[in-house]
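# Survey of secondary and tertiary structure
Read off the chains here:
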Amino acid sequence: MPKKAADVAAETTAGPGTGQRRRLHPAWIVAAVAFLALVGAAGFRAAPGVLMVPLQQEFGWSTTVLSAAVSINLVLFGLTAPFAAALMERFGVRAVTATALVLIGMGSALTVLVNQSWQILLTWGLLIGLGTGSMALVFAATIANTWFTKSRGLVIGILTAGSAAGQLVFLPFIALLAQDPGWRQASLLIAAGALAVVPLVLKFLKNSPADVGVLPYGADPAALEAEEPKAAGGPNDCGPRANAAVRALQVLRRASKIRTFWALAAGFAICGATTNGLIGTHFIPSAHDHGMPETAAAGLLAVVGIFDIIGTIASGWLTDRFNPRVLLAVYYQFRGIGLLVLPLLLNAEVQPSMIVFVVIYGLDWVATVPPTAAICRETFGADGSVVFGWVFAAHQLGAAAAAIAAGALRDATGHYTYAWLGAAAMCTIAAVISATIRKQRAEAATAGDAEPAAA
């Protein structure tokens, strides 16, 4: 039988024979391990842009072929996320996270054996796509919603920054290894980074506060008692017997009746298109087209990673204090302005104006995650993590479409200019959509009682 909130509260505040409170809440240990897991899983996020040119040079594959591999990865990255959120509810965060890291490690290690284009679709696309999808940003939302009542936005910001930190850690080394001794060694580095975190996950990543006899950080025992799960069969039933796939689909069915869901999904699809899909995949090849060395372009993306950490944590802090809808609108519009001027900034040498671009773009890179996750939680309540998984699926579908479309445009025109300008226009659309999202009560949304038009 699950422990009541009052019972857990008693165990939290007093140990055997003592009246002392715990000095460090276990939630922070779990958050630290989750951060490291996201760092380890982020190695591949930095890889395609760096490895694309070496693979083309060795095998003669077109940009479209390699973009297709990235697109498969991004699609699976997104579509796996909502099911991964439900699997975490069913089997626990620890088991799903460890399995995901092993899949990423396997896919990266097996890449060194490829010699035909369909094999890169299998390793980059299928294996790494499933692994990274299970370690998607929905993982950060699940940790924050499960372990924290206070400072959720800040925690999501910190965990989301883990992906940026992974890019920062891996990208310079991947770029150097790709040049000498070669891209195979770079792939092995990614595999090693993912697998190195697995022992920490198995030992320290607990599934829920109840596993260690505590309440979520900042929880009010009386309020938590009132919010304990509804009886089995209720709309928010996510107990251990729930089928993960069924639950994910049931949540999608309920969420799809609410306009807020479609607004978030549309905005996040554009977010994915303008980050992972375009800049993450094609910035280095585009800079190479203008004569910039790959190591210099990779260094610029590393700077994006540095400021992404700052921007995402700051966005989490802001989300705890300001209207997340306004934050989203501002973030998307600033990103659109940056993409609009990017074609004018690309050059054989790194100019000061390019440094300004990467700093601003870094601050804005995934700053959209904390306010989007907050709106999901606010609107959909206990379904919020799984709903965010579906919204994140839209993010990755947008990224996949942009990755392959930009590759095709590059092959057809010889440059990326139309891709950058089109993305800038889409950001303006996302800003308008985000600004028009209206508040909605979680109870009405999760029960499906709200009017569909009341977004």
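Above this text you will find the structure in question.
On a predicted model such as this, the values are computed, not experimentally measured, just so you know. (Residues numbered from 1 in each chain as written. Predicted model: local features only at pLDDT ≥ 70, side-chain atom pairs only at ≥ 80, totals over all residues. Heavy atoms only, no water.)

### Brief notes about the side chain of T111
Relative to the elements of secondary structure, T111 occurs in the loop between α5 (93–110) and α6 (117–134). Sequence-distant contacts of T111, that is, excluding residues within four places in its chain, are made with I120, T123, W124, W183 and S187. (Helix = DSSP H or I, 4+ residues; strand = E, 2+ residues; numbered from the N terminus. Contact = heavy atoms within 4.5 Å.)

### What about the pattern of salt bridges?
The final tally for this structure, using the stated rule, is 5 salt bridges. E58 is paired through a salt bridge with R184; the nearest N and O atoms lie 2.8 Å apart. Of this pair, E58 sits in helix α3 (residues 47–59) while R184 sits in helix α9 (residues 183–196), and the two are 126 residues apart along the sequence. Judged by its relative accessible area of 40%, E58 falls in the partly exposed class. The class for R184 is partly exposed, based on a relative accessible area of 28%. R325 serves as the salt-bridge partner of E378, at 2.4 Å between the closest nitrogen and oxygen. You can see E378 sitting in helix α17 (residues 369–380) and its partner R325 sitting in helix α15 (residues 324–345), a full 53 residues away along the chain. (Salt bridge = Lys/Arg side-chain N within 4 Å of Asp/Glu carboxyl O. Buried < 20%, exposed > 50% of the residue type's maximum accessible area, 1.4 Å probe, protein only.)

### Here we look at the packing of helix α14 (residues 294–319) against helix α16 (residues 352–364)
At a minimum axis separation of 6 Å, α14 and α16 run at an interaxial angle of 40 degrees. The orientation of α14 with respect to α16, classified from their angle, is oblique. In terms of crossing hand, the pair formed by α14 and α16 is right-handed. Between α14 and α16, the residues in contact are L300, V303, V304, F307, D308, I310 and G311 and M354, I355, V358, V359, G362 and L363, respectively. (Axes fitted to C-alpha atoms, helices over the stretch in contact; angles between N-to-C directions. Parallel < 35°, antiparallel > 145°, perpendicular 65-115°, else oblique. Left-handed = near helix turned anticlockwise from the far one by under 90°.)

### Overview of α5
The α-helix winds at 3.6 residues per turn, so residues separated by three or four positions along the chain end up facing the same way. For α5, spanning 18 residues, the distance from its first C-alpha to its last is 26 Å, which sits close to the expected 26 Å at 1.5 Å a residue. When we look at burial in α5, the residues that qualify are V93, V96, T97, A98, A100, L101, I104, G105, G107 and S108. The secondary structure elements touched by the buried residues of α5 are α2 (26–41), α4 (63–91), α6, α7 (137–147), α9 and α10 (198–204). (Expected span 1.5 Å × (residues − 1).)

### Some thoughts on the nonpolar core
Ranked by internal contacts, the top residues of the largest apolar core, which has 122 residues, are L51, F139, I279 and F283. Those residues in contact with L51 that sit more than four places away from it in its chain are W124, I174, A178, W183, A186 and S187. (Core = buried A, V, L, I, M, F, W, Y, C linked by side-chain atoms within 4.5 Å.)

### A closer look at the packing of α2 against α5
It is the contact of α2 with α5, at a shortest axis distance of 10 Å, that shows an interaxial angle of 20 degrees. Accordingly, the angle class assigned to the pair α2 and α5 is roughly parallel. Viewed along their axes, α2 and α5 form a crossing whose handedness is left-handed. Taking contact as the criterion, the partners of A37, G40 and A41 in α2 are, on α5, T97, L101 and I104.

### What to know about the environment of T281
When you line up the elements, T281 lands in helix α13 (residues 259–289). A relative accessible area of 3% means that T281 is categorised as buried. Distance in space between the C-alpha atoms of T281 and A403 is 6.6 Å, their sequence separation being 122 residues.

### Notes on the environment of L363
Among the structural elements, L363 can be located in helix α16. Residue L363 is classed as partly exposed on the basis of its relative accessible area, which comes to 34%. When the C-alpha atoms of L363 and I306 are compared, they prove to be 8.6 Å apart, with 57 residues separating the residues in sequence. In contact with L363, other than residues within four places in its own chain, are F307, D308, I310 and G311.

### What to know about the packing of aromatic side chains
Both the distance between ring centres and the angle between the ring planes are used here to describe each pair of aromatic rings. Counted according to the given criterion, the structure contains 11 aromatic pairs. Relative to F148, the ring of W28 has its centre 4.9 Å away and its plane inclined at 70 degrees; by these criteria the two rings are edge-to-face. Taken together, the positions of W28 in helix α2 and F148 in the loop between α7 and α8 (152–179) put the pair 120 residues apart, joining distant regions of the chain. The class of F148 is buried, set by a relative accessible area of 0%. Arranged with centres 5.2 Å apart and planes meeting at 70 degrees, the rings of W28 and Y217 form a pair that is edge-to-face. Of this pair, W28 sits in helix α2 while Y217 sits in the loop between α10 and α11 (221–226), and the two are 189 residues apart along the sequence. (Phe/Tyr/Trp six-rings, centres within 6.5 Å; stacked < 30°, edge-to-face > 60°.)

Nothing here speaks to function; it is all geometry.
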